[in-house]
Amino acid sequence: MNPKPTTTRRDFLTTSAVAGGLALSQAGLFAGENNLLKIGLIGCGGRGTGAAKNALKADSNVKLVAMADIFEDRLKESLAQLQRNREIGGKVEVKPETCFTGFDGYKKVIDACDVVLLTTPPHFRPIHLKAAVEAGKHVFAEKPLAVDAPGVRSVIESAKKAQEKKLTLLVGYCYRWDFAKREVVKRIHDGAIGDVTAIHVNYLTGELWHRECDKPFDTMEYQMRNWYYFNWLSGDHIVEQHCHNHDKAAWVLKGEYPVAAYGTGGRQKRTDPMWGNIYDHHSVVYEYKSGVRVYSFCRQMSSKTVRMFNETSDHIFGTKGSAELMPPHSITSGGKTWAYEGQESEMYDQEHIEMFAGLRAGEPLNNGLEGAHSTLMSIMGRMATYTGMKITWQMALNSKEDLSPPKYEWGPLPYAPVAVPGVTKFI
Ligand SMILES: NC(=O)c1ccc[n+]([C@@H]2O[C@H](COP(=O)([O-])OP(=O)(O)OC[C@H]3O[C@@H](n4cnc5c(N)ncnc54)[C@H](O)[C@@H]3O)[C@@H](O)[C@H]2O)c1
């Protein structure tokens, strides 16, 4: 989806009160008093707590009414943080009886709200999204949308169903909502650098968090606490984090996705079993039918002694120039460089502002299909680095590899060995 022209918070607040009631009653979307939209949060971690704040700020007539997390301590921490927040604390009406824990808590939150925020680790996204859409709820779903191809296929189905039911499905590929990036992409699409021939994307960063857990690594509890490091939960960092760059490449290329990918990767520093089974670096070349290539690098390593080169960037090359999609948000062509100096934006707020504006206007935003395809692009890269094979788009989309555990319950849970190219099979 190409984002719509910018709606400012001021425009939205002044029009929504007038147009909102009419649009909602026309669409028959809500029966709530005074068009109150009840929000539910599933996955009360860092991003979930942030998304709840963004949603509560984005619309004047919303309340957070229910929350679910697998762990009670995470839920309580998030709720306390939201209640303390001066700006939105008054809109938090979560009661002990609308706090849910465990693997099924999401169902009760979906029942209790009109708009649901899906912010668990990505493994659960297809399951939660399916349930929310079946229940007729509007959805904000964090990226990535899945960790394997069966998950992507499920999300594609849900996105289509959401479209049929006129439900919002807004995917948190948040860079698309940033004003500076929109202007750069618009200029690229208007021909500022000619035809795009190549994109080089980097997500080179340090190591991340680890959460203390006294259970062994091969238990559900350890893996749920440290979900990032288990492929079945996060999809590996090429999917969980680098997916932003893949989505931005798809945006620049007007929705074109690669036909094939190959690459290399491994884990050199993340060797202790406490780090589960994901890699710490991947390099992938994506090939396109048009001849374009995307060169994609991601690394999560830190050093106490060496100043490593870290960079999150999207360098775009065209027949007449080049562009930077991350700061300085610039375009160079014909010996001149232009850089964005327009209005600043807070992309996490902006995506919610536009989500609620669309919903209130009876024009729900749905970028679920493109979100699913961008997720698949990242998974395709992981398949390439794990197996050492060249993976086509069709192979990735039709892959039978299902990373789900046999059941969702506490206790022992063996996990797959670290992938070895040339040994690990494509499934
Ligand atoms: N758009 C962005 O820039 C951005 C930034 C950060 C995170 N994210 C995404 O947000 C998601 C969450 O990341 P985070 O950083 O908030 O992680 P987090 O660990 O802080 O939060 C995830 C929470 O979900 C809970 N959870 C796990 N499984 C659950 C289940 N089945 N039901 C209910 N709760 C469950 C966990 O206990 C945890 O509290 C990820 O998909 C991540 O990629 C996006």
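Q: Explain the side chain of H315 to me, please; I cannot follow it from the model alone.
A: By secondary structure assignment, the location of H315 is in strand β11 (residues 311-318). Taking relative accessible area as the criterion, H315 reaches 15% and is therefore assigned buried. Within polar-contact distance, the side chain of H315 engages the side chain of E311 at 3.0 Å. Leaving out residues up to four positions away in the same chain, H315 has contacts with A198, I199, H200, N202, A323 and E324.

Q: How should the sheet that holds strand β2 (residues 62-69) be read in this particular structure?
A: Note on sheets: strands pair through backbone hydrogen bonds, and any given pair is parallel or antiparallel. Strand order in this open sheet of 6 strands is β3-β2-β1-β4-β5-β6, and the pairing throughout is parallel. The outermost strands of the open sheet, each flanked by one partner alone, are β3 (99-101) and β6 (169-171). With direction set aside, neighbouring strand axes in the sheet form an average angle of 20 degrees. Taken together, the 4 bridges between strand β4 (residues 115-118) and strand β5 (residues 138-141) define a ladder with parallel strand orientation. Paired with V115 across the strands is H138, a residue of β5.

Q: Quick question: what am I supposed to make of the sheet that holds strand β7 (residues 196-205) here?
A: Spatially, β14-β13-β12-β11-β7-β10-β9-β8-β15 is the arrangement adopted by the 9 strands of the open sheet, whose pairing is mixed. The open sheet has two edge strands with one neighbour each: β14 (336-339) and β15 (391-392). Of the strand pairs in this sheet, β7 and strand β10 (residues 293-300) are connected by 8 bridges, and their pairing is parallel. Across the sheet, residue T205 finds its bridge partner in β10, namely Q300. Contacts from helix α7 (residues 179-189) reach β7, β11, β12 (321-324), β13 (330-333) and β14, with the element oriented near 30 degrees to β13. Across the sheet, helix α11 (residues 243-252) touches β7, β9 (281-287), β10 and β11, and the angle it forms with β7 is around 160 degrees.

Q: Hey, could you run me through the packing of aromatic side chains in this one?
A: For the structure on display, the rule yields 16 aromatic pairs. Ring centres of W209 and Y229 lie 5.7 Å apart, and the angle between their planes is 70 degrees; on these two criteria the pair is classed as edge-to-face. Taken together, the residues W209 in the loop between β7 and α8 (220-225) and Y229 in the loop between α8 and α9 (231-234) connect sequence positions 20 residues apart. Residue W209 is classed as partly exposed on the basis of its relative accessible area, which comes to 27%. What links up through ring pairs into an aromatic cluster is the set F71, F103, F124, Y408 and W410. Against the face of F71 rests R225, its NZ or CZ located 3.6 Å from the ring centre. The ring of Y386 carries the charged tip of R382 above its face, separated from the ring centre by 5.9 Å.

Q: In this structure, what is going on with the side chain of D178? I would like to understand it.
A: Its location among the elements puts D178 in the loop between β6 and α7. The class of D178 is buried, set by a relative accessible area of 9%. D178 has contacts with H329, S345 and M347, leaving out every residue within four places of it along the chain.

Q: Before we go on, may I ask you to explain unusual backbone geometry in this structure?
A: The general pattern is negative phi for most residues beyond glycine and trans for most peptide bonds. Looking along the chain, the bond that leaves K143 and enters P144 is cis, with omega of -25 degrees. Positionally, P144 belongs in the loop between β5 and α6 (149-164). Residue P328 follows P327 across a cis peptide bond; omega there is 15 degrees. Examined against the element boundaries, P328 turns out to sit in the loop between β12 and β13. With a phi close to 55 degrees, N35 is a non-glycine residue in the positive phi region. Here N35 is to be found in the loop between α1 (9-27) and β1 (37-42). With a phi close to 50 degrees, H329 is a non-glycine residue in the positive phi region. Mapped onto the secondary structure, H329 falls in the loop between β12 and β13.

Q: Got a minute to help me understand the site of the ligand in this structure?
A: For the ligand, the set of nearby residues contains 28 residues, the closest of which are D69, R125, W227, E240 and Y348. At 2.7 Å from an oxygen atom of the ligand is found a side-chain nitrogen or oxygen belonging to R125. One of the side-chain N or O atoms of E240 is found 2.5 Å from an oxygen atom in the ligand. Protein chains bury 91% of the 840 Å² of accessible surface belonging to the ligand in isolation. Going through the elements one at a time, α2 (46-58) and α5 (125-134) are the ones with two or more residues in the shell around the ligand.

Q: Looking at this structure, how should I read the environment of W275?
A: Here W275 lies in the loop between β8 (260-266) and β9. In this structure W275 comes out as buried when scored by relative accessible area, which is 17%. Linking W275 and Y228, residues 47 residues apart in sequence, is a C-alpha distance of 8.6 Å. For W275, the contacting residues outside a window of four places in its chain are W209, H210, Y229, R267 and R270.

The rules behind each value
- Residues numbered from 1 in each chain as written.
- Predicted model: local features only at pLDDT ≥ 70, side-chain atom pairs only at ≥ 80, totals over all residues.
- Heavy atoms only, no water.
- Helix = DSSP H or I, 4+ residues; strand = E, 2+ residues; numbered from the N terminus.
- Buried < 20%, exposed > 50% of the residue type's maximum accessible area, 1.4 Å probe, protein only.
- Polar contact = N/O pair within 3.5 Å; in protein donor to acceptor, adjacent residues only side chain to side chain.
- Contact = heavy atoms within 4.5 Å.
- Pairing = 2+ DSSP bridges.
- Axes fitted to C-alpha atoms, helices over the stretch in contact; angles between N-to-C directions.
- Phe/Tyr/Trp six-rings, centres within 6.5 Å; stacked < 30°, edge-to-face > 60°.
- Lys NZ or Arg CZ within 6 Å of the ring centre and 35° of its normal.
- Near = heavy atom within 4 Å.
- Areas by Shrake-Rupley, 256 points an atom, 1.4 Å probe, with all protein chains shown as cover.

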